[in-house]
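Tertiary structure, described
Each chain, written out:
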Amino acid sequence: MPKLDALSLPPAVNAQLWRGDHMVRAPMAGIPTGWDALDAELPGKGWPSQCLTEVLQPQAGTLEWRLTGRGLQQCPAHKPVIALGPPLPPHASGLAQSGLAPGQLVWIHSSRPQDQLWALEQLLKANAAAALLAWLPQVQPEQIRRLQISAQQFEGPVFVFRPESSQHQASAAPLRLLVRSSQPWSLQLQLLKRRGPVHQGTLELPAVPPSLQAVLPARLWPGTVPLPQPATAAVSVSSSNTALSLPYHDTDLGRPAAPLPLPRSQRARQSSLLH
Amino acid sequence: MQGLALWAQQFTPRLACVPSDTVFGDALVLELSASERLFGGRQPLARRLLRESRELGVQAISWAPTSLAAIALARCGIRHGMGQPLPQVLAPLPLHAIDAVARHAELLSQLGCQSLGAVHALPRGALARRMDTGILTALDQAHGLLPDRYSWISLPARFDARLELPMRIDQADALMQGARHLLLQLCGWLAAQRAGVRSFRLRWCHDAMRSRHVGDGGELTIHTASTTRDLQHLCRLLQEHLAHVELQAPVGELSLHADTPEALQERSASLLPDKTADGESLEQVLERITARLGADQVQRPLLRPDHRPEWQVQWLPAQPAGKAKAAPPAAQPHVPLHVPPLAQPSFLLPTPLQLLQDKQSQPLYHGPLQLLLGPQRIEGGWWHRSPGFLPVSDADGDTHIDEAAPGSDHRDHRNDRESPPKPAPITQTAHTALRDYWVAHSPHAGLLWIFHTRLSANSGAWFLHGRFA
């Protein structure tokens, strides 16, 4: 295939041309995600509007509000954020601590997948909400395609949360992310698909739940000190024997707060000693 | 004709019914010259009239400077009579186009007059002498030389329209087409008063050929969240409600009633294209979703001052039905937020899930859990006895968070040894709560909010209560 020379094309054509190794210019500026490292990798420098953002995760209900919360705070406050079919009831007071006002939240829960899809399509067409978060574990590729067409009228981010297993299915969503939270205070994010060059590797995003930020002691902050290693076996055994199954309470946040689970080898040895 | 007049009221208050005993039937005349500007000019007004009148079953529609000329043109199938001077427009029309001329059509055709132009050219004195003066008056009125006299149709105070369906209908969904007719008339009636509606009632009458135990008919009352006269919205809302209706017998007739029009704040049209006004409003779309899914599935939260997490949030229907507008979303920002002092998760399990424990009484959930932060003690709710009773806000002072020294736990246990065993864990968690909350992490399940509580004097249990998602 002959290589296209940028200089040989008229400027009007050249401006419309998208090369596979360049980031596409988004028609609308995105909503900042809250992480500069992620913004830099997304076309439009943030969560895109007018298209679906597909978030794949190993288990539903583990990281959604941490991932989207910083972006939702940038959304216009007079429009609501609609949570459609979350796996658990959202806790409005916890979300209020994260900066999402209770008056801004609408919770739609329906057991039937087709009702959820219908409601999502109506909401997309109405273009009346600031952002949509939809949990669609059973959605089919052709339904995603239809939603993506409807989403082109919606001026705001639309997140569709799906299980990790749909990673290998084709999807019409222009942005697909695979997010895990195997570490307590951070998210591991892979960009599976974007309107731009292929992204390799994993982004490590520090994500402490905003409600915990005020109470998190310095020793637990990500990046400063590694997480405390499990306490010694002697402490664990003594506390579990004496404290009548209540954990060892300690309000001094400078010290280890709790007996942490033992490594597997130690626990095995301990149980064999007890019997 | 009555329904048509209701619909046409929105365009002008000057409308009249012109009865006719000829084959053409009655006509409705509207004086629109004063309304052109309101509806965006002559062309948009004409397009809208054509579109909606076709839906309502109007056979012909034409425009002319005078009402009789317009009727004459409509009878001849000519739509547009505004471009040329009236005598030129009227001259080629046949005699039956104007009623007063048609009465003498036989005599006039024997005189050799085949068109209105020929009649108009006859000497006026002879014409008045040989026929009655009505023919001259009608011709002058058609040419705009004499004023028309009509008694204008007045606006009824209540909307009450009937429609006989062209066929018997078995399916509730299929009523929609007839109902759309009636809604179109309702919107016209509302527009004439610059008003909107909050509720309307659709009745259907069953066919006479029905089984004995089926009643006369049924009815459906529909409340909207806000005052509206948006035809598309009312149609979609009615459609959602009709989808739940099962007809007992075929339906032959529909009627629509609306009692109380309410003043409607109208938005002025914008010069520049306004992109935000394109879609439906949030209220409208939530209303339709509520109509399909049910009021308990579309909810907004209301925070309450309580330390127990399950009593902090009360979920209310996002669209309160009928007149009761209990929690308008616009009013909520003024209410001070009762954000609890304790860190709260973002998902809360409806009922706490009891976790397995390992040999050291440590919680297990998708493998061992790492306890990161805690304990935070919540103790309260002892005043909260009966199920369904919501705590009043001044009882809040009784609750306290006890971040006590480790020794206090042991004292509690000694006291509990003498006390009778506690009730089952679920009723206890619903009302009185004495729990130590921890933030725990599992590589598979993420950040969890778990609590430890006593089930009896000397056994405790771990429960999963929320997730920091």
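None of the values given here were measured: they were computed from a predicted structure. (Residues numbered from 1 in each chain as written. Chains lettered and ligands numbered in written order. Predicted model: local features only at pLDDT ≥ 70, side-chain atom pairs only at ≥ 80, totals over all residues.)

Side note on the overall build of chain A
Secondary structure assignment for chain A yields 9 helices and 8 strands. Within chain A, the fraction of its 275 residues that count as buried is 44%. Summarising the internal contacts of chain A: among those between residues at least 6 apart in sequence, 66% fall at separations of at least 24. (Helix = DSSP H or I, 4+ residues; strand = E, 2+ residues; numbered from the N terminus. Buried ≥ 20, exposed ≤ 12 C-beta atoms within 10 Å, placed from the backbone. Contact = placed C-beta atoms within 7 Å.)

Overview of the overall build of chain B
When its secondary structure is counted, chain B shows 14 helices and 16 strands. In chain B, buried positions account for 31% of the 469 residues. A separation of at least 24 residues holds for 61% of the contacts in chain B among residues at least 6 apart in sequence.

Structural notes on helix 3 (residues 64-72) of chain A
In terms of burial, helix 3 of chain A is a largely internal element, 9 of the 9 residues being buried. A:Glu64, A:Trp65, A:Arg66, A:Leu67, A:Thr68, A:Gly69, A:Arg70, A:Gly71 and A:Leu72 are the residues of helix 3 of chain A that are buried.

A word on the sheet that holds strand 14 (residues 433-442) of chain B
Residues and elements named next belong to chain B. Here we have 5 strands laid out as an open sheet, ordered 10-16-15-14-13, and antiparallel in their pairing. Strands with a single pairing partner mark the edges of an open sheet, and in this sheet they are strand 10 (347-354) and strand 13 (370-380). Pairwise comparison of adjacent strand axes, ignoring direction, gives a mean angle of 25 degrees for this sheet. Relative to strand 15 (residues 446-456), strand 14 is paired through 7 bridges, and the arrangement is antiparallel. Counted as the bridge partner of His441 is Leu447 from strand 15. (Pairing = 2+ DSSP bridges. Axes fitted to C-alpha atoms, helices over the stretch in contact; angles between N-to-C directions.)

Things to note about the sheet that holds strand 3 (residues 105-108) of chain A
The sheet built from 10 strands is open, its strands ordered 8(A)-7(A)-6(A)-1(A)-5(A)-4(A)-2(A)-3(A)-8(B)-9(B) with mixed pairing. Of all the strands in the sheet, the pair left with one neighbour each is strand 8 (203-206) of chain A together with strand 9 (313-317) of chain B. In this sheet, adjacent strand axes meet at a mean angle of 25 degrees when their direction is disregarded.

Side note on the packing of helix 5 (residues 113-126) of chain A against helix 6 (residues 141-151) of chain A
All names here are of chain A. Here helix 5 crosses helix 6 at 20 degrees, and the two axes come no closer than 8 Å. The angle between the axes of helix 5 and helix 6 places the two elements in the roughly parallel class. Here helix 5 runs over helix 6; the crossing is left-handed. Mapping the contact onto sequence places Leu117, Leu120, Glu121, Leu124 and Lys125 in helix 5 and Gln143, Leu147, Ser150 and Ala151 in helix 6. Partitioned by chemical class, the residues of the contact of helix 5 with helix 6 number 5 nonpolar, 2 polar and 2 charged. (Parallel < 35°, antiparallel > 145°, perpendicular 65-115°, else oblique. Left-handed = near helix turned anticlockwise from the far one by under 90°. Nonpolar A, V, L, I, M, F, W, Y, C, P; charged D, E, K, R; others polar.)

Side note on the confidence of the model for chain B
Do not read the fine detail of predicted coordinates wherever pLDDT is low. Residue and element names in this part refer to chain B. Within chain B, residue pLDDT values average 79, and 82% of them lie at 70 or more. Here residues 321-335 is modelled with pLDDT under 50, and outside its nearest four sequence neighbours on either side it reaches 15 contacts, counting other chains as well. Across residues 388-430, where pLDDT falls below 50, the model places 43 contacts with residues more than four positions away in sequence or in other chains. (pLDDT = per-residue confidence, 0-100.)

Digging into the environment of B:Arg79
All names here are of chain B. With respect to the helices, strands and loops of the structure, Arg79 is situated in the loop between helix 3 (67-75) and helix 4 (86-90). Classification of Arg79 as partly exposed rests on a count of 14 C-beta atoms within 10 Å. Once the C-alpha coordinates of Arg79 and Ala60 are considered, the two residues, 19 residues apart in sequence, prove to be 7.9 Å apart. Here Arg79 is in contact with Ile61 and Ser62, once residues within four sequence places are set aside.

Some thoughts on the nonpolar core
Counting residues in hydrophobic clusters, the biggest one holds 93 residues, and the most contacted among them are A:Leu84 and A:Leu132. Top contributing element to this core by residue count: helix 5 of chain A, with 6 residues. Once residues within four sequence positions are removed from consideration, A:Leu84 is found in contact with A:Ile108, A:Gln116, A:Ala119, A:Leu120, A:Leu132, A:Leu133, A:Ala134 and A:Trp135. Formed by 54 residues, the second largest nonpolar core is a distinct cluster that contains B:Leu30, B:Ile169, B:Val197 and B:Leu234. (Core = buried A, V, L, I, M, F, W, Y, C linked by C-beta atoms within 7 Å.)

Remarks on helix 12 (residues 282-293) of chain B
For helix 12 of chain B, built from 12 residues, the straight-helix expectation of 16 Å at 1.5 Å per residue is met to within 8% by its first-to-last C-alpha distance of 16 Å. Along helix 12 of chain B, 10 of the 12 residues are buried, which leaves the element largely enclosed by surrounding structure. By the burial criterion, the buried members of helix 12 of chain B are B:Leu282, B:Gln284, B:Val285, B:Leu286, B:Glu287, B:Arg288, B:Ile289, B:Thr290, B:Ala291 and B:Leu293. On its buried side, helix 12 of chain B packs onto strand 3 and helix 5 of chain A together with strand 5 (217-228), helix 11 (231-242) and strand 8 (298-303) of chain B. The first or second residue beyond helix 12 of chain B is B:Gly294, which carries a positive phi of 110 degrees. (Expected span 1.5 Å × (residues − 1).)

Examining the packing of helix 10 (residues 175-192) of chain B against helix 11 of chain B
Residue and element names in this part refer to chain B. Two numbers describe how helix 10 lies on helix 11: the axes approach to 10 Å, and their chain directions differ by 145 degrees. For the element pair helix 10 and helix 11, the recorded crossing hand is right-handed. Taking contact as the criterion, the partners of Leu175, Met176, Ala179, Arg180, Leu183, Leu184 and Cys187 in helix 10 are, on helix 11, Leu231, Leu234, Cys235, Leu238, Gln239 and Leu242. Grouping the amino acids of the contact of helix 10 with helix 11 by side-chain chemistry returns 11 nonpolar, 1 polar and 1 charged.

Quick notes on unusual backbone geometry
The general pattern is negative phi for most residues beyond glycine and trans for most peptide bonds. Residue and element names in this part refer to chain B. Backbone geometry at Ser361 places phi at a positive 60 degrees, although glycine is not the residue there. Turning to its location among the elements, Ser361 is positioned in the loop between strand 11 (356-357) and strand 12 (363-364). Residue classification places Ser361 among the partly exposed positions, given that 19 C-beta atoms sit within 10 Å. Look at His366: it is not a glycine, yet its phi comes out positive at around 55 degrees. As for its position among the elements, His366 is in the loop between strand 12 and strand 13.

Some words on the confidence of the model for chain A
Per-chain confidence: chain A averages 78 in pLDDT, with 77% of residues scoring 70 or above. Residue range residues 225-275 of chain A is modelled with pLDDT below 50. Its contacts to residues more than four positions away, or to other chains, number 64 contacts.

Quick notes on the environment of A:Pro76
All names here are of chain A. Relative to the helices and strands, Pro76 is located in the loop between helix 3 and strand 2 (81-84). Judged by C-beta crowding, with 12 C-beta atoms within 10 Å, Pro76 ranks as exposed. Sequence separation of Pro76 and Gly156 is 80 residues, and the distance between their C-alpha atoms is 9.6 Å.

What about the environment of B:Gly294?
Positionally, B:Gly294 belongs in the loop between helix 12 and strand 8. On a C-alpha basis, the gap between B:Gly294 and B:Pro317 in space is 9.3 Å, while along the polypeptide they are 23 residues apart.

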